[in-house]
Amino acid sequence: MTELTEVFWRAHHDLPREAPGSEETTRLLLRLAGALPEAPTVLDVGCGTGPATVLLTQLTGGRVTGVDLHLPFLQALTERARRAGVADRVTTVNASMTQLPVAPGSVDLLWAEGSAYVMGFDAALTAWRPLLTPNGVLVLTEAEWTTPDPAPAAREFWTAGYPAMRSTAGNVEAAQRAGWTVCAGYLLPDSDWDDYYGPLADRIEQLRREGTPAELLAAVGEEIELRAAHGRDYGYTGYVLRPRT
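Residues numbered from 1 in each chain as written. Predicted model: local features only at pLDDT ≥ 70, side-chain atom pairs only at ≥ 80, totals over all residues. Heavy atoms only, no water.

**Student:** Lay out the nonpolar core with the relevant residues and their values.
**Tutor:** Grouped together as the largest cluster of nonpolar side chains are 45 residues, with contacts concentrated most on Leu110, Trp128, Leu138 and Leu140. Top contributing element to this core by residue count: helix α8 (residues 190–209), with 6 residues. Non-local contacts of Leu110, meaning those with residues more than four positions away in its chain, are made with Leu43, Val45, Trp128, Leu131, Leu132, Val137, Leu138 and Val139. (Core = buried A, V, L, I, M, F, W, Y, C linked by side-chain atoms within 4.5 Å. Buried < 20%, exposed > 50% of the residue type's maximum accessible area, 1.4 Å probe, protein only. Helix = DSSP H or I, 4+ residues; strand = E, 2+ residues; numbered from the N terminus. Contact = heavy atoms within 4.5 Å.)

**Student:** I'd like a rundown of the side chain of Thr133, residues and numbers included.
**Tutor:** Relative to the elements of secondary structure, Thr133 occurs in strand β5 (residues 132–145). Of the residues examined, Thr133 reaches a relative accessible area of 15% and is grouped as buried. Those residues in contact with Thr133 that lie beyond four places of it in its chain are Gly105, Ser106, Val107 and Asp108.

**Student:** Now, about the side chain of Thr212: what can you tell me, with residues and values included?
**Tutor:** By secondary structure assignment, the location of Thr212 is in the loop between α8 and α9 (214–220). Apart from residues lying up to four places away in sequence, Thr212 is in contact with Val7, Arg10, Leu207 and Leu217.

**Student:** Break down unusual backbone geometry for me, with residues and values.
**Tutor:** You will see that Asp14, though not glycine, has its phi angle at about 65°, which is positive. Looking at where Asp14 falls in the secondary structure, it is placed in the loop between α1 (3–12) and α2 (23–33).

Below is the structure:
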């Protein structure tokens, strides 16, 4: 593990969330997802520490499986579920989202807040579709350009991390072409970014006081400064998608 990687994980350890979002947005997207079975089977892919996992368990009355490749996140999710009193309905799976150990046709609601980019939007839509029940629904949030001419700094940052990033129009077209009905789309508000970056900035400041090298912290916090300078160039959009039959 490189020194920068170690500092990155120290900065992100036990944060409330690992991507832009909020309880309000999770609730909204769930409402937009429409009717679900009485006790749905829910899969939260790239669940992180479980802010959506636990809330979905509470709101749906179903059983939720949280999948993540980073074991400490799953350990934090287990504790979060215990504190919320839903540990008996939350399962954690330490696996890659590209190799989900899930039976085809078994998922009523597949949820992915801020994680589909790891595979890429198109690959995720292809890989996850067979997992859904006949009336299943996919809810995900996806990083997107919100202007046709983003600032060079924003373009450089996101091209390095997510070269396949597109606009909303591009993703809607891609989803429709792949056989999905786009039931809803919702651009996450700035406050959802604050819910992610606020605690991260506080942690970076804590590490600075503890003597972590400034150049490493600057690399970890680069995305916060980029958002402050060029936040109108990009955003996260929540999608509610159902496969066409």
